[in-house]
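Survey of secondary and tertiary structure
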Amino acid sequence: QVQLVESGGGLVQAGDSLRLSCAVSRRTFSTNYMGWFRQAPGKEREFVAAINWGGINIYYADSVKGRFTISRDKNTVFLQMNSLKFEDTAVYYCAAKRGPRSLNEAEYNYWGQGTQVTVSS
């Protein structure tokens, strides 16, 4: 069993930066890939970024490429978010999966409770 706990959300202004953290309870074969997803009000949850545990393979949604950076240090996965926009407002979720990379939330096995990010325009 893997537990994921997100933190770092908050209310910021457009153009500001925020860093989200995801504490991973333990490294197992179920944490081969770590992902960040987000869900805005009235919308479906969408992929944001993913990284393999070794940190070599990294993927971003086009909407955040160049502004967000995913990384891992020990048992914490980070999402550095710069130049935040109003449309980045959402609940951000950390997720873990075994096996190969995927941008599909249905393939992720473990999820955190989410952390709210609100960007005022």
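Now for a quick tour of the structure. (Residues numbered from 1 in each chain as written. Predicted model: local features only at pLDDT ≥ 70, side-chain atom pairs only at ≥ 80, totals over all residues. Heavy atoms only, no water.)

Membership of the largest hydrophobic core comes to 34 residues, with the highest contact counts inside it found for L4, M34, W36, L79, M81 and Y92. Only strand 3 (18–24), strand 4 (33–39), strand 5 (46–52), strand 7 (68–73), strand 8 (76–81), strand 9 (90–97) and strand 11 (115–120) provide two or more residues apiece to this core. Beyond its immediate chain neighbours, meaning those up to four positions away, L4 contacts C22, A23, V24, M34, C94, A95, A96, Y110, W111, G112 and Q113. (Core = buried A, V, L, I, M, F, W, Y, C linked by side-chain atoms within 4.5 Å. Buried < 20%, exposed > 50% of the residue type's maximum accessible area, 1.4 Å probe, protein only. Helix = DSSP H or I, 4+ residues; strand = E, 2+ residues; numbered from the N terminus. Contact = heavy atoms within 4.5 Å.)

What follows concerns the pairing of strand 3. The element strand 3 is extensively covered by neighbouring structure, given that five of its seven residues are classed as buried. Here strand 1 (residues 4–7) pairs with strand 3 via four bridges, running antiparallel. What sits directly across from V5, in strand 3, is A23. Note: strand 3 against strand 8, six bridges, orientation antiparallel. Residue S21 lies in a different strand from strand 8, and its bridge partner there is F78. (Pairing = 2+ DSSP bridges.)

Let us now look at the state of the cysteines. Under the defined criterion, the tally for this structure stands at one disulfide. Paired through a disulfide, C22 and C94 show a sulfur-sulfur distance of 2.1 Å. Looking down the S-S bond of the C22 and C94 bridge, the torsion is -75 degrees, so its handedness is left-handed. With a gap of 72 residues between them, C22 in strand 3 and C94 in strand 9 connect regions that are remote in the sequence. By relative accessible area, which is 0% here, C22 ends up buried. Look at C94 and you get buried, because its relative accessible area is 0%. (Disulfide = S-S within 2.5 Å.)

Read from one edge of the open sheet, four strands run 1-3-8-7, paired in antiparallel fashion. The sheet terminates laterally at strand 1 and strand 7, the two strands that pair on one side only. Pairs of neighbouring strands in the sheet enclose a mean axial angle of 15 degrees, with direction left out of account. (Axes fitted to C-alpha atoms, helices over the stretch in contact; angles between N-to-C directions.)

By themselves, these figures tell us nothing about what the structure is for.
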